[in-house]
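Report on the structure
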Amino acid sequence: MCGIVGIVSTTPVNQSIYDALTVLQHRGQDAAGIVTLSDGNFRQRKANGLVRDVFEAKHMQRLKGNIGIGHVRYPTAGSSSAAEAQPFYVNSPFGISLAHNGNLTNAAQLKEDQFHKARRHINTTSDSEVLLNVMAHELDKCPSLHLTAEEIFTAITAVHKQVRGAYAVVSLIINHGLVAFRDPNGIRPLVLGMRNEGDQKEYMVASESVALDAVGFNFVRDIEPGEAVYITDKGELFSAHCAKDAKHNPCIFEFVYFARPDSTIDKISVYESRLAMGEKLGQKIKREWVDIDIDVVIPIPETSCDSALEIAKVLELPYRQGFVKNRYIGRTFIMPGQTLRRKSVRRKLNAISSEFVGKNVLLVDDSIVRGTTSEQIIEMAREAGAKNVYLASAAPEVRYPNVYGIDMPSTDELIAHGRNVDEIATMIGADALIFQDLDDLIAAVSKFNPEIKKFETSVFSGEYVTGDIDADYLQRLNDLRNDGAKIIKEQEEIANLEIHNEG
Ligand SMILES: O=P(O)(O)OC[C@H]1O[C@H](OP(=O)(O)OP(=O)(O)O)[C@H](O)[C@@H]1O
Ligand SMILES: NC(=O)CC[C@H](N)C(=O)O
Ligand SMILES: [Mg+2]
């Protein structure tokens, strides 16, 4: 997942975009970038690394202008070379810069089309740069030197007709303003915020509402599936629905893991949905584990804490924070490569023995994906003296690859693929294991917004809402992006770094 932000203000935006990116850091830890617009030119800084490492004071000083966009990256297409850090830039028409959260499912075809139909060469393997070129080509069809809102919306309508997959986008067009849009299934989140500065309005768009809170904008609404918003550099806002058959199928994994609990996505509080997941799972444990004796409920920090608290409440058991998290280690699941992920779990979490000695402990995690965390945590609980170690997952078994912006490309890497609950328990060394049922997960989230009739649940169900994913597609994705393939690709990609980013 990546985090995106865009601001149109009456004063410099560099610090606000930086601050917004720091609260969106949990969505992407690999690269960060900001582009601002000043005196008819873009100013850009992007590189691999965390927000705090990428932007030094000298970069911030040069990021002048009252309008800008930013991105934190968790790669799900192409490589993790700095050349693929975002935002991307294209010089024609007008000069456009774009940042994207999500993943296109027909990027390869679009890249070929861009070459054959538009004679546009794309020098990276990034799907986001493809998307930028599709948008640029459509905008180029408008003959005038100054685009109207209507012309921009016509171009975005044409983009939706060609592009498949998940995409929440912020972009800047020189001498025009900021254009943001969300894919016709609304898979990835995007919110709009506003504040008054004197008699002028300032606007902000971001992946999550927490970014608006951090920077001091008021939440206005979610940008709707297929909708585009154009905010001119004078602060006028236009919006339009640009996709004919837009549906609302937001990704349920945002609620399970990705988003911050203090965000509200599509009118659903992430925190409350996690409490509801805990309540449902607590009830299932009560029903099904009548013979299992539990002394204490312990979350695996950080994301599972809210659900674990609710499980303890339902089971009428003590909730204890038996693991301490090292606040300087990031999220392990979104780290690149299994070696790094494995190493990081023990550096990140440590057990407080007194909470484990001689006890039957129920550990709770929000999800079990590769099993990296649970396997090591169970071992740590035993080393700390636990008598029996049980594990509950607030999400169902993750059995299928994700093609919409979560880097789970290969079924072989998913511990639950082709295995039943007992087999998974044996692999991770749990004395008992229980997963949330998918219907319960959906009920826990959808009860806060019954207007959403269907969530994007492919990692649990194998059903892909864009309808364009088949076994061949998944096989190609596996061959291209499994852990082994990525290591080889990274080495090759380093070669083109200098073309794009001279540091
Ligand atoms: O089965 P796995 O492949 O290990 O993936 C699942 C684990 O990864 C995530 O934690 P992460 O450390 O990324 O972040 P958190 O601190 O927000 O829980 C998630 O919360 C699970 O704990
Ligand atoms: N996680 C994401 O949203 C990634 C965006 C884009 N596909 C990239 O890899 O840069
Ligand atoms: Mg975790």
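Note that the coordinates shown come from a computational prediction; the quantities given were computed from them, not determined experimentally.

Here is what the cut-offs are and how they apply
- Residues numbered from 1 in each chain as written.
- Chains lettered and ligands numbered in written order.
- Predicted model: local features only at pLDDT ≥ 70, side-chain atom pairs only at ≥ 80, totals over all residues.
- Heavy atoms only, no water.
- Near = heavy atom within 4 Å.
- Polar contact = N/O pair within 3.5 Å; in protein donor to acceptor, adjacent residues only side chain to side chain.
- Areas by Shrake-Rupley, 256 points an atom, 1.4 Å probe, with all protein chains shown as cover.
- 1 Å grid on protein atoms, 1.4 Å probe; cavity = no way out; pocket = protein on both sides within 12 Å on 5 of 7 lines; lining within 4 Å.
- Sits in = over half its atoms within 2 Å of the grid points.
- Nonpolar A, V, L, I, M, F, W, Y, C, P; charged D, E, K, R; others polar.
- UniProt positions renumbered as here; feature names shortened; annotations may be inferred.
- Helix = DSSP H or I, 4+ residues; strand = E, 2+ residues; numbered from the N terminus.
- Buried < 20%, exposed > 50% of the residue type's maximum accessible area, 1.4 Å probe, protein only.
- Contact = heavy atoms within 4.5 Å.
- Domains from an automatic or database assignment.
- Buried area = accessible area lost by both parts, 1.4 Å probe.
- Salt bridge = Lys/Arg side-chain N within 4 Å of Asp/Glu carboxyl O.

1. Comments concerning the site of ligand 1
Inspection of the region around ligand 1 gives 17 residues, with Tyr257, Thr303, Asp365, Asp366 and Thr373 positioned closest. Between ligand 1 and Thr303 there is a distance of 2.4 Å, counted from an oxygen atom to a side-chain nitrogen or oxygen. Thr332 has a polar side-chain atom sitting 2.7 Å from an oxygen atom of ligand 1. When isolated, ligand 1 has an accessible area of 500 Å², and the protein chains bury 96% of it. A molecule is said to occupy a pocket when more than half its atoms come within 2 Å of that pocket's grid points, and by this definition ligand 1 occupies the largest pocket. Broken down by class, the residue content of the shell around ligand 1 amounts to five nonpolar, six polar and six charged.

2. Focus on the UniProt feature "active site" (unreviewed entry) in the protein chain
With numbering matched to this structure, UniProt assigns "active site" (unreviewed entry) to Cys2. Tracing the backbone through its elements, the reader meets Cys2 in the segment before β1 (3–8). Residue classification places Cys2 among the buried residues on the basis of a relative accessible area of 5%. Residues in contact with Cys2, not counting those within four places in the same chain, are Arg27, His71, Val72, Arg73, Tyr74, His100, Asn101 and Ser207.

3. Points about the UniProt feature "domain: Glutamine amidotransferase type-2" (unreviewed entry) in the protein chain
Within this structure's numbering, the places UniProt gives as "domain: Glutamine amidotransferase type-2" (unreviewed entry) are residues 2–234. Helix makes up 29% of residues 2–234 and strand makes up 35%, while its end C-alpha atoms are separated by 28 Å.

4. Notes on the domain arrangement of the protein chain
Once the domains are mapped, the protein chain shows domain 1 (3–247) and domain 2 (272–326 + 346–451). Once you take the C-alpha centre of each, domain 1 and domain 2 turn out to be 36 Å apart. Residue-level contacts link ten residues of domain 1 with five residues of domain 2. At the boundary of domain 1 with domain 2, total buried surface from both sides reaches about 610 Å², with 58% on carbon and sulfur atoms. Sorting the residues of domain 1 by area buried against domain 2 places Tyr74, Thr76 and Arg188 first, and these three jointly supply 52% of that buried surface. Linking domain 1 to domain 2 there are zero salt bridges. In this structure, the connection of domain 1 to domain 2 is made through three residue pairs in polar contact (both at pLDDT 80 or more). Mapped by element, the contributors of at least two residues to the side of domain 1 that touches domain 2 are β6 (96–104) and β7 (165–173). When grouped by side-chain class, the residues that make up the side of domain 1 that touches domain 2 number four nonpolar, five polar and one charged.

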